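Secondary and tertiary structure notes
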Amino acid sequence: MNTSVTPSKGRAKAARPLAQHARLDVEGLVGQQSVALLKALHILTREGQLNQDSRRKLKQVNHLVQLMEGPLRECAVGAQSDGLHPLTLVDHGAGKSYLGFILYDRFGSQNASAHLATSLESKGAEGEPAKSAMALQVFCVESRPELVEKSAQLAREFGFTGMKFLNVLSHDAGALLEMPATVDVVTALHACDSLSDDAIEFAVSKEAKLIFLVPCCQAETAALLKSNRALFINKTPLAELWRHPLHTRELGSQLTNVMRCLYLEALGYVVTVTELVGWEHSMKNELMVAKFTGQKKKLAAQRLVELLGQFGLQPLLETRFSRIKEHLPP
Ligand SMILES: C[S@@+](CC[C@H](N)C(=O)[O-])C[C@H]1O[C@@H](n2cnc3c(N)ncnc32)[C@H](O)[C@@H]1O
């Protein structure tokens with residue numbers, strides 16, 4: 001597997017103006033987006049129009065980017081306090097790398113002059129302080145080589161030299177040589193099944209300060225629930241929650257997200273759970289934001305273990321939540 005595709009320097013020269021060319025406010029992201037980039041990502045049509053699907057997608061990504069801006073800037077102050085290191089962000093299950101590109105276009109140092117100029121013009125008039133661009137390095141982790149190849153090509157055309165595209169499973173991304181020992185921010189947007197768990201494991205192992213997750217479908221927990229259904233139905237009325245297959249799936253997703261929150265709390269993160277955008281845009285709409293404080297909650301670890309026991313999910317303690325074992329009484 002080709003693990004790393006980085007934009008080459010050779011094409012950056014012709015490309016740079018693309019990102020800085022026409023910029024406009026699109027779908028909620030005030031502060032200007034590159035029209036050329038949105039067209040290249042096929043979010044805008046050649047004529048500059050948005051179709052219904054891309055409008056929905058853009059609205060979600062832009063909303064997430066807006067929510068991320070404050071915490072990212074806060075985090076960047078810490079990360080760049082020595083003036084040497086860029087803020088590192090790793091996006092898991094990047095797909096076409098919409099999130100990475102839009103973040104980099106908006107905040108990356110490549111755009112410093114364009115974005116700063118825009119900020120000065122638009123905010124200065126209202127007396128608000130202008131916002132500076134950050135030194136940003138974005139790693140996009142994706143298992144489909146053709147998407148990685150395309151994104152790398154696009155980044156070359158736009159001169160986005162701070163973006164790297166890694167064709168690797170999230171589970172293996174942490175061990176790559178090009179991946180720093182620690183990272184600042186981890187994201188996973190619409191990460192299917194256990195990909196969100198791999199992103200969490202990656203984030204914890206790399207001491208990420210911020211994690212943004214929008215989990216998608218979940219199958220692993222549902223499969224465990226299904227396998228223990230017959231055993232539990234005579235044991236506890238709780239088993240009614242997963243007697244019907246449709247409920248098994250829904251409960252599997254819900255329980256998994258609840259357990260992910262407890263896990264992160266047990267490992268020293270403060271977690272908030274909100275809706276990303278209204279349900280009319282997507283059924284997969286739960287946004288989990290975790291911020292590292294270092295305060296590990298023992299109660300969260302205990303509750304997680306109790307939940308695993310009550311729902312017959314103990315195997316997950318070994319596979320997904322093994323890091324809390326050290327916080328439990330022997
Ligand atoms: C539903 S798409 C979401 C894409 C993107 N985050 C977005 O919101 O537009 C999930 C992506 O994760 C990738 N993927 C699935 N499992 C993966 C894994 N274990 N490691 C890396 N990428 C994975 C898929 O190929 C797919 O592109």
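Let me begin by describing the structure that accompanies this report. (Residues numbered from 1 in each chain as written. Predicted model: local features only at pLDDT ≥ 70, side-chain atom pairs only at ≥ 80, totals over all residues. Heavy atoms only, no water.)

1. Digging into the packing of aromatic side chains
To keep it simple, the criterion reads: Between 30 and 60 degrees the pair is tilted, below 30 it is stacked and above 60 it is edge-to-face, where a pair is any two Phe, Tyr or Trp rings, Trp via its six-membered ring, whose centres lie within 6.5 Å. Each helix is a run of DSSP H or I of at least 4 residues and each strand a run of E of at least 2, with the numbering of both proceeding from the N terminus. Per-residue accessibility, obtained with a 1.4 Å probe over protein chains only, is compared with the maximum for each type, and a residue is labelled buried under 20%, exposed over 50%, and partly exposed between these values.
This model, assessed by the stated rule, comprises 8 aromatic pairs. Between Phe232 and Trp242 the ring centres are 5.8 Å apart and the planes differ by 50 degrees, which places this aromatic pair in the tilted class. Within this pair, whereas Phe232 is found in helix H9 (residues 220-233), its partner Trp242 is found in the loop between H9 and helix H10 (245-266), the two being separated by 10 residues in sequence. Residue Phe232 shares its accessibility class with Trp242, and that shared class is buried. These aromatic residues form a ring-pair network of at least three members: Phe101, Tyr104, Phe158, Phe160 and Phe165.

2. A closer look at the site of the ligand
Threshold: Nearness here has a simple test: a residue counts as near a molecule or strand if at least one of its heavy atoms is within 4 Å of that partner. Identification of polar contacts relies on pairs of N or O atoms within 3.5 Å, with a donor-acceptor requirement for protein atoms, meaning one able to donate a hydrogen and the other able to accept it, and with residues adjacent in sequence counted only if both atoms are side-chain atoms. Each residue gets one label: Ala, Val, Leu, Ile, Met, Phe, Trp, Tyr, Cys and Pro are nonpolar, Asp, Glu, Lys and Arg are charged, and the others, such as Gly, are polar.
Near the ligand, the surroundings consist of 15 residues, among which Lys57, Gly93, Glu142, Ser170 and Leu189 are the closest. One of the backbone nitrogen or oxygen atoms of Gly93 is found 2.8 Å away from a nitrogen atom of the ligand. For the ligand, an oxygen atom lies 2.6 Å from a polar atom in the side chain of Glu142. In terms of residue class, the shell around the ligand is made up of 7 nonpolar, 5 polar and 3 charged.

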